[in-house]
Amino acid sequence: MKTLYNSILILLISIITTTSCKKEEKIKKIAISKDLLKDNIIPKPASLTATGSSFELNAKSEIHYQHSDLKPIAEYLSGLLQPATGFKLPVKEMSSMPSTDHIFLSLTDSIPNNEGYQLSIKENGIVINAKKPAGLFYGIQTLRQLLPASIELNEKQDNTWLIASGTIKDEPSYSYRGAMLDVARHFIGLSDVKRYIDLLSFYKINTLHLHLSDDQGWRIEIKSWPNLTTHGGSTEVGGGEGGFFTQVQYKELVKYAQERFITIIPEIDMPGHTNAALSSYSELNCNGKATKLYTGTRVGFSTFCTDKEITYKFIDDVIRELAEMTPGEYIHIGGDESDATPIKEYIIFINKVQKIVAKHGKKVLGWDEIAHATLAPNSIVQYWARDSTENKNAHMAVKQNAKILMSPATKAYLDMKYDKTTKLGLDWAGLTEVDVAYNWSLENHIDGIKKENIIGIEAPLWTETVENMKDLEYLVFPRVIGIAEIGWTPTSQRDWNEYKVRLGKHKDRLDALDINYYNSKLVPWKSIVSDTIVKSSKDSI
Ligand code: TNX
């Protein structure tokens, strides 16, 4: 009798607990699926329709792709989802209509923009359509942001992986959305640059400009001029040991970036900012004497000897070797702050270098001073404007039919301090809080320069004060996220007061990705994980 009584009791308890667990789970599901779409997608997508249910990613889900070319993207998605879910989602080619309960990646000409995508989430499956693989990649980045933030963690989580249902149609406002990293002032190595590429691609940034040479260091192996790296790469600002990319490493980086739809644009800064080269080869100096290595932070004191033949032989070799490793269309030739080069010589020099770049099948990008020269067709001029009088460089460029790449120092320079208490960074272009970096638009920044003159946006990080990845992350995040949105989302759909809330809700993702971001007081940082739990328990009362 006693045993029967006990068994009934156990049965009753277990019925009660399972029902209440189920109920809790259901509440949790509803709480998540109701809210997810309005949440924190950055950059903000062009259009979004919620349909009030959700798709559950589970161990039986599969990733299907419509054509063999898409296999790498399907594998990328599977790899992305594996650590936190613990699921090893199989990838399968499937030319016909998507089968139910799976994720289907397919290409279609009905999407107009080369980077656009349409993401459709139903209870019984997810379809990402795009014109080109890049669009699928961006659809995947959006999908990632629709999953709980813990999807970014490296260990298996005991979560229910729900994605709210609905349709997102999206495309970028500008085709060039970039960041620049100065690996010359302080050398930043292969694995750190790879991490930076990963983080940038999460926000749909498609270009990484690497500033590979400056007074303090030469960071890319050039086989025909080996002393550039063995000597010229041997130090950095502050006298540390410096470093450089071998060609093998550089190619690996280019490939890694390509797999994430990021084009690397290499920069060799000239005729100024060249002390590392002038120190490595005496013949590049007008007086034939090699300079000393430099580990300070002054600018504007060095120049190639612009009327020596050997200078152009040197540049031809460097550009040839660089072009061979560059699948992208552009090579950046610097051209900034050449205060030690007389302007007449500067113009002759830039004209000659543009021809060398063209000879090796590439187009020229250069800082806005290059607009003083005769610009080759398709050259891009990067507006940075040392001061407001320098807007004239951008106007000169547009008169020559060049496109402008927007990097105004007062808004887009990631090495400017946030406020006067910021330890890292510089302040010559002013203090740049997170709102200042976001609250502007490309087409309204320079009088008379309109959207059709502008190719896009790039946020440079100069590394005079940046010694390692933690420093880099502190100055870059969260400002670069806003830069990504400026390039992607039309100005008419952007507003700081709305954006700051979205950014605040992005906190969990930044934390899960272990990013050392600046905790700006202007952003209402908010953890969605705890928010959901609070909501579920309230709902259940
Ligand atoms: C200006 S912007 C420079 C760099 C410095 C930077 C520091 C530009 C084209 N040149 O050489 O590193 O300021 O903010």
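Reading the values: the criteria
- Residues numbered from 1 in each chain as written.
- Predicted model: local features only at pLDDT ≥ 70, side-chain atom pairs only at ≥ 80, totals over all residues.
- Heavy atoms only, no water.
- Pairing = 2+ DSSP bridges.
- Helix = DSSP H or I, 4+ residues; strand = E, 2+ residues; numbered from the N terminus.
- Axes fitted to C-alpha atoms, helices over the stretch in contact; angles between N-to-C directions.
- Expected span 1.5 Å × (residues − 1).
- Buried < 20%, exposed > 50% of the residue type's maximum accessible area, 1.4 Å probe, protein only.
- Parallel < 35°, antiparallel > 145°, perpendicular 65-115°, else oblique.
- Left-handed = near helix turned anticlockwise from the far one by under 90°.
- Contact = heavy atoms within 4.5 Å.
- Nonpolar A, V, L, I, M, F, W, Y, C, P; charged D, E, K, R; others polar.
- Near = heavy atom within 4 Å.
- Polar contact = N/O pair within 3.5 Å; in protein donor to acceptor, adjacent residues only side chain to side chain.
- Areas by Shrake-Rupley, 256 points an atom, 1.4 Å probe, with all protein chains shown as cover.
- 1 Å grid on protein atoms, 1.4 Å probe; cavity = no way out; pocket = protein on both sides within 12 Å on 5 of 7 lines; lining within 4 Å.
- Points joined across faces, edges and corners; volume = space filled by probe spheres on them.
- Domains from an automatic or database assignment.
- Right-handed = clockwise from strand over helix to strand, strands pointing away.
- Salt bridge = Lys/Arg side-chain N within 4 Å of Asp/Glu carboxyl O.

## A word on the sheet that holds strand β1 (residues 47–57)
Link 1 in the chain: Taken together, the seven strands give an open sheet; going across it, the order is β1-β7-β5-β6-β4-β2-β3, and neighbouring strands pair in mixed fashion. Pairing within the sheet leaves two strands with one partner each, and these edge strands are β1 and β3 (91–93). Taken over all neighbouring pairs, the strand axes of this sheet differ in orientation by 20° on average, direction set aside.
Link 2 in the chain: Taken together, the three bridges between strand β2 (residues 63–65) and β3 define a ladder with parallel strand orientation.

## Quick word on helix α9 (residues 343–359)
Three- or four-residue spacings in an α-helix give side chains the same orientation, since the helix completes a turn every 3.6 residues.
Link 1 in the chain: If you check α9, its first and last C-alpha atoms are 24 Å apart, about what 17 residues at 1.5 Å a residue would give, namely 24 Å.
Link 2 in the chain: Restricting attention to buried positions, one finds in α9 the residues Y346, F349, I350, N351, V353, Q354, I356 and V357.
Link 3 in the chain: Phi turns positive, to about 80°, at G361, one or two residues after α9.

## Examining the packing of helix α2 (residues 71–85) against helix α3 (residues 133–146)
Link 1 in the chain: Two elements in contact, α2 and α3, have axes whose closest approach is 10 Å; the angle formed by their N-to-C orientations is 15°. Judged by the inter-axis angle, α2 sits roughly parallel to α3. The hand of the α2/α3 crossing is right-handed. Across from I73, Y76, L77 and L80 in α2, the residues of α3 making contact are P133, L136, F137, I140, Q141 and R144.
Link 2 in the chain: For the contact of α2 with α3, the class distribution of residues is eight nonpolar, one polar and one charged.

## Here's the deal with the site of the ligand
Link 1 in the chain: Around the ligand sit 14 residues, and of these R185, Y413, D415, W428 and E464 come closest.
Link 2 in the chain: Within the side chain of E337, an N or O atom sits 3.1 Å from an oxygen atom of the ligand.
Link 3 in the chain: Notes on the ligand: free accessible area 360 Å², of which the protein chains cover 98%.
Link 4 in the chain: Counted by class, the shell around the ligand contains eight nonpolar, one polar and five charged residues.

## Examining the layout of surface pockets
Link 1 in the chain: Estimated volume of the largest pocket: approximately 970 Å³.
Link 2 in the chain: For the lining of the largest pocket, the elements supplying multiple residues, two or more each, are α2, α3, α6 (247–259) and β12 (263–270).
Link 3 in the chain: For the lining of the largest pocket, the class distribution of residues is 18 nonpolar, nine polar and seven charged.
Link 4 in the chain: There are two domains that each give the lining of the largest pocket at least three residues, and those are domain 1 (36–170) and domain 2 (176–494).

## Description of the pairing of strand β7 (residues 161–170)
Link 1 in the chain: Among the ten residues of β7, eight are classified as buried, and the element is accordingly described as predominantly covered.
Link 2 in the chain: As judged from the eight bridges shared by β1 and β7, these two strands associate in the antiparallel manner. Of the residues in β7, the one forming a bridge with S47 is K169.
Link 3 in the chain: Of the pairings in the sheet, the one linking strand β5 (residues 117–122) to β7 comprises five bridges and is antiparallel in character. When the sheet's bridge partners are listed, I121 is paired in β7 with G166.

## Thoughts on the side chain of S150
Link 1 in the chain: Considering the arrangement of structural elements, one finds S150 in the loop between α3 and β7.
Link 2 in the chain: Overall, S150 belongs to the buried group, its relative accessible area being 15%.
Link 3 in the chain: Reaching out from S150, the side chain makes a polar contact with the side chain of N159 at a distance of 2.6 Å.
Link 4 in the chain: Dropping the residues within four chain positions of it, S150 is found in contact with A84, Q157, N159 and W161.

## Some points on the environment of V183
Link 1 in the chain: Relative to the helices and strands, V183 resides in the loop between β8 (176–182) and α4 (190–202).
Link 2 in the chain: Spatially, the C-alpha atoms of V183 and I220 are 9.8 Å apart, while their sequence positions differ by 37 residues.
Link 3 in the chain: Residues contacting V183, with those up to four places away along its chain left out, are I188, L210, H211, L212, R219 and F245.

## A look at the pairing of strand β9 (residues 207–211)
Link 1 in the chain: In terms of burial, β9 is a largely internal element, five of the five residues being buried.
Link 2 in the chain: Neither face of β9 is exposed, since T207, H209 and H211 on one face and L208 and L210 on the opposite face are all buried.
Link 3 in the chain: Strand direction decides the pairing type here: β8 and β9, joined by five bridges, are parallel. Among the inter-strand pairings, D182 is bridged to a residue of β9, identified as H211.
Link 4 in the chain: In this region the chain leaves β8, passes through α4 and returns to the parallel neighbour β9; the handedness of that crossover is right-handed.

## Brief notes about the pattern of salt bridges
Link 1 in the chain: Throughout the structure, instances matching the rule amount to 23 salt bridges.
Link 2 in the chain: One salt bridge in this structure joins K313 and D317, with 3.0 Å as the shortest N-O distance. Residue K313 and its partner D317 are located together in helix α8 (residues 309–324), separated by four residues, close to a single helical turn.
Link 3 in the chain: Overall, D317 belongs to the buried group, its relative accessible area being 6%.
Link 4 in the chain: For the salt bridge of R320 with D317, the shortest nitrogen-to-oxygen distance reads 2.9 Å. Of this pair, R320 and D317 both sit in helix α8, three residues apart, which is roughly one turn of that helix.
Link 5 in the chain: Several salt bridges share partner residues, and in doing so they unite K44, E485, E498 and R502 into one network.

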